[in-house]
Amino acid sequence: MTLEVDTPNGGRRGSGVYQVSAQKRAALAPTGEAREWHVAGEAVAVDLPGGKCLFALLRTAAIHNDLAGMSMSTLDPAFRNDMIECAQRIANKEGIRSPATVPITEYPLLVTFEDVAVPASVEVIKPAEMSTSFGSGVRLTSIKVEVTDDALTTGLRQRLPWLKKGSPHVATGPRLIANPDPYDHSSVATLAFGDFLAEE
C-alpha cells in the first residue's frame, strides 16, 4: 500500500507491505466449515512537514472493516465476498488490477498523534480535512495497492515505542485510550494496538 500526500514543500510518500490470507476452518457443526481471512503487517506512516506523521491503519471504516476486504475489493473486479477464490485469483494475478487506486469509501482509518509517545493523544483524520490537522496545502492525493512478493514491512515499534505485540485479530488488544466511556463507539474510543500491528 502506498499513500501520496501533497504539501507546500512537495510530495510526500509512505508505503508498506502487509499480507492477506484466506482459509477454511472447521465450524461448530460436525460437517460444517467456515471461511476467514487474516491480515498481517503494520500501519503505514507518512512523514509530513512540521514533524507530524500520518498513519494509515490496518482497519477501515468500510463494510469489510480491514485491509483484507479493502485489498480484495480494490484489486479484484470479480470479488463478491468469495474470499478464498479471490485470494487465489490475486495470488495467480488472474484478471486483477495491480497497482489499483483505493476508492475513498474503502480507505483505511487515518490517524496522527499530538505526541507519538502518548497513545491517548491520537486523532482520527478525515481524508478531505487533512489541512485542518497538518496545515494549509496538505492533502491526500491517493492510496494505491499492488501485489508484491516483498517481505512484510517492520519498524513501527521504533516510531511508536509504546506499541506492544499486536493481536492476530484487527481491532483487538489493548486500547489506545484507557478506560473509555463504554457507550462511546467512535473510532477514537475503539482504536487498539491491533489496528497498528498484527503479526503472522
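Everything in this summary refers to the structure shown in the same document. As the structure is a prediction and not an experimental result, all values here were calculated from the model.

Moving on, we come to the pairing of strand 4 (residues 33–42). Of all 10 residues making up strand 4, 7 are buried, and the element is well covered by its neighbours. Sheet topology places strand 4 next to strand 11 (residues 197–198); 2 bridges connect them, and they run antiparallel. Considered in strand 11, the bridge of Glu-42 is made with Leu-197.

Soluble, globular proteins show a tendency: their nonpolar side chains are buried together. Judged by nonpolar contacts, the single largest core of 34 residues is most densely connected at Met-1, Leu-3, Val-5, Leu-48, Leu-54, Met-130 and Leu-140. Counting residues per element, the ones that place at least two in this core are strand 1 (2–6), strand 4, strand 5 (44–47), strand 6 (53–60), helix 1 (67–75), helix 2 (83–92), helix 3 (130–134) and strand 10 (139–145). No other element matches the 5 residues that helix 1 contributes to this core. Once residues lying within four places of it in the same chain are set aside, the contact partners of Leu-3 are Arg-12, Arg-13, Gly-14, Val-44, Val-46, Leu-54, Ala-56, Leu-110, Leu-140, Ser-142 and Ile-143. Counting 18 residues, the second-largest nonpolar core is a separate cluster that includes Phe-55, Leu-109, Leu-176 and Leu-191.

We now examine helix 2. Within helix 2 the residues assigned to the buried category are Met-83, Cys-86, Arg-89 and Ile-90. End-on view of helix 2: buried residues confined to an arc of 120°, all on one side of the axis. Positioned one or two residues after helix 2, Lys-93 has a phi angle of 55°, which is positive.

Counted under the stated rule, the structure contains 7 aromatic pairs. With centroids separated by 5.3 Å and ring planes inclined at 45°, the aromatic side chains of Trp-162 and Phe-193 adopt a geometry described as tilted. One end of the pair, Trp-162, is in the loop between helix 4 (156–159) and helix 5 (187–190); the other, Phe-193, is in the loop between helix 5 and strand 11, and 31 residues separate them in sequence. One aromatic cluster is present, formed by Phe-55, Phe-113, Trp-162, Phe-193 and Phe-196 through successive ring pairs.

Examined against the element boundaries, Lys-144 turns out to sit in strand 10. According to the relative accessible area criterion, Lys-144 is partly exposed, its value standing at 40%. Sequence separation between Lys-144 and Ile-63 is 81 residues, and the spatial gap between their C-alpha atoms is 19 Å. Once you skip the residues sitting within four places of it in the chain, Lys-144 turns out to touch Met-1, Thr-2, Ala-100, Thr-101 and Val-102.

Moving on, we come to the sheet that holds strand 9 (residues 122–125). In a beta sheet, neighbouring strands pair by backbone hydrogen bonds and run either parallel or antiparallel. Pairing is antiparallel across the open sheet formed by 4 strands, whose spatial order is 5-6-8-9. Each end of this open sheet is capped by a strand with a single partner; those strands are strand 5 and strand 9. Averaged over all pairs of adjacent strands, the angle between strand axes in this sheet comes to 30°, irrespective of strand direction. Looking at chain direction, strand 6 and strand 8 (residues 108–113) are connected through 3 bridges and run antiparallel. Each bridged residue has a counterpart across the sheet, and for Thr-60 the counterpart in strand 8 is Pro-108. This element, helix 1, spans strand 6 and strand 8 of the sheet and lies at about 85° to strand 6.

What counts and how
Residues numbered from 1 in each chain as written. Predicted model: local features only at pLDDT ≥ 70, side-chain atom pairs only at ≥ 80, totals over all residues. Heavy atoms only, no water. Buried < 20%, exposed > 50% of the residue type's maximum accessible area, 1.4 Å probe, protein only. Helix = DSSP H or I, 4+ residues; strand = E, 2+ residues; numbered from the N terminus. Pairing = 2+ DSSP bridges. Core = buried A, V, L, I, M, F, W, Y, C linked by side-chain atoms within 4.5 Å. Contact = heavy atoms within 4.5 Å. Arc of directions from axis to C-beta. Phe/Tyr/Trp six-rings, centres within 6.5 Å; stacked < 30°, edge-to-face > 60°. Axes fitted to C-alpha atoms, helices over the stretch in contact; angles between N-to-C directions.

Such coordinate-based values are descriptive only and should not be taken to indicate function.
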